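One-letter residues, chain by chain:
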Amino acid sequence: METITIKDIAKMCGVGVSTVSRAINDHPDINQETKNIVMQVIKENNYIPNNSARNLKRSDSRTIAVLIKGISNPFFSSMIKIFENEIQRKKYSFVLHRVEEQEDEIDVAVELVKEKRLRGIVFLGGHFTHTAEKLEQVKVPFVLSTIGVKENNLINKGFACVAVDDFKESYKMVDYLCKNGHKKIAIISSSISDESIGKRRLEGYKKALEDNHIFYNMNLVRTMREDIETYTMKNGYEVTKDLLESNEEFTAIYAISDSLAIGACRAIMEAGKNVPNDYSVAGFDGLEIGLFYNPSLTTIRQPVEEMAFETIKMLFDLINKKTTPDSKIFPAKLVIAESTRKI
């Protein structure tokens, strides 16, 4: 489908381009009836006015957008700070755009590219299930950061990715719990529809149980509540409350993010139980708050700063055509703290 231009809108309305421009910019020198007609045609044709119209004579803009799904997840805070500093250091403008859970981030990106004349995009977080064909709709360089992708899917098709191996690192945590005597390990995971990070971490959990000859009990697989913002302490708290009230036996909870794990700890303590004496709790991410929580949180620490710097380096290398799209998988570290124990 061809892109609708301001000339097309003018032709449809039977007016000049300058009239359409005045309508878009709410200029007083335009008849209200004409303005209403123009704006209706714009709406019907999904025309997106270029907010950089005053700079159209420039061959390119200098704006980078970070599209984030899961903005409530504190894991992203330090990454966004680094993104902003590095982008501005390179004399580019920084735009942070929140993508709602139900929105398609590729559709959002395509619109933003047209509206803000972006030079590049970082996709941060979210359930990334798009095909290579879908991603090709984005006509500027981009990097998928901290987004789990299937090994033989996007990574091997020439798309730039920065992440940890979610399967491997999840396996590492659950194997640690198994080796410490836990045979009934609950997991707080993402929705069944999640084909990215949540699925990879769940698969790591399953494989660790299998390799330790432990029965996979589906009743111990708990997904985040859909009516509560994902990857939050409140979600972990509510899911754990439901688990405790179900009377399903378990000795440990592995949550696929530290925020969920901290919420789980709170629910356990409110139930009159103790972490780790009654239940061990483990997380994933390596949030700073986990160090200062009581008990301090056993977790998988992702190298956040290194991943953030690599994301921006990779993006600007693509923008400046210094490299072809590639992937970089960082190792994470198992950090053993006070929230887990041997039984």
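Preceding this paragraph is the structure being described.
The text that follows walks through the structure, step by step, so that each part is easy to find. What you are looking at is a predicted structure, and each value in this text was computed from that prediction instead of being measured. (Residues numbered from 1 in each chain as written. Predicted model: local features only at pLDDT ≥ 70, side-chain atom pairs only at ≥ 80, totals over all residues. Heavy atoms only, no water.)

### A closer look at the pairing of strand β1 (residues 63-68)
Stage number 1. In terms of burial, β1 is largely enclosed, as six of its six residues are buried.
Stage number 2. On β1, burial covers both faces: T63, A65 and L67 on one face and I64, V66 and I68 on the other are all buried.
Stage number 3. In the classification by handedness, the crossover that spans β1, the intervening helix α4 (residues 77-89) and the parallel strand β2 (residues 93-98) is right-handed.
Stage number 4. In this structure, β1 lies alongside strand β3 (residues 120-124), joined through five bridges in parallel fashion. Residue pairing across strands places V66 opposite V122, the latter belonging to β3. (Buried < 20%, exposed > 50% of the residue type's maximum accessible area, 1.4 Å probe, protein only. Helix = DSSP H or I, 4+ residues; strand = E, 2+ residues; numbered from the N terminus. Right-handed = clockwise from strand over helix to strand, strands pointing away. Pairing = 2+ DSSP bridges.)

### Quick word on the state of the cysteines
Stage number 1. Enumeration over the complete set of coordinates arrives at zero disulfides.
Stage number 2. Cysteine C265 is unpaired, with the sulfur of C178 as its nearest cysteine sulfur at 19 Å. (Disulfide = S-S within 2.5 Å.)

### Considerations on the environment of N294
Stage number 1. By secondary structure assignment, the location of N294 is in the loop between α11 (288-292) and β10 (299-301).
Stage number 2. The exposure class of N294 is exposed, given its relative accessible area of 61%.
Stage number 3. The spacing of N294 and S327 is 33 residues in sequence and 37 Å in space, taken between C-alpha atoms.
Stage number 4. Non-local contacts of N294, meaning those with residues more than four positions away in its chain, are made with M269 and E338. (Contact = heavy atoms within 4.5 Å.)

### Thoughts on the pattern of salt bridges
Stage number 1. One pass over the full model with this rule turns up 20 salt bridges.
Stage number 2. Here E100 ties to R98 by a salt bridge, and the two come within 3.7 Å at their closest N and O atoms.
Stage number 3. The salt bridge partner of R225 is E238, with a shortest N-O separation of 3.9 Å. One end of the pair, R225, is in the loop between β7 (221-223) and α9 (233-245); the other, E238, is in helix α9, and 13 residues separate them in sequence. (Salt bridge = Lys/Arg side-chain N within 4 Å of Asp/Glu carboxyl O.)

### Quick look at the nonpolar core
Stage number 1. Core analysis: the largest hydrophobic core is formed by 72 residues, its most contacted members being F83, I185, Y205 and Y254.
Stage number 2. Among the elements that line this core, the one with the most residues is helix α12 (residues 304-319), at nine residues.
Stage number 3. For this core, the domains that each give at least three residues are domain 2 (63-164 + 303-331) and domain 3 (167-302).
Stage number 4. Sequence-distant contacts of F83, defined by excluding residues within four places in its chain, comprise V66, F94, V122, L124, S145, A308, T311 and I312. (Core = buried A, V, L, I, M, F, W, Y, C linked by side-chain atoms within 4.5 Å. Domains from an automatic or database assignment.)

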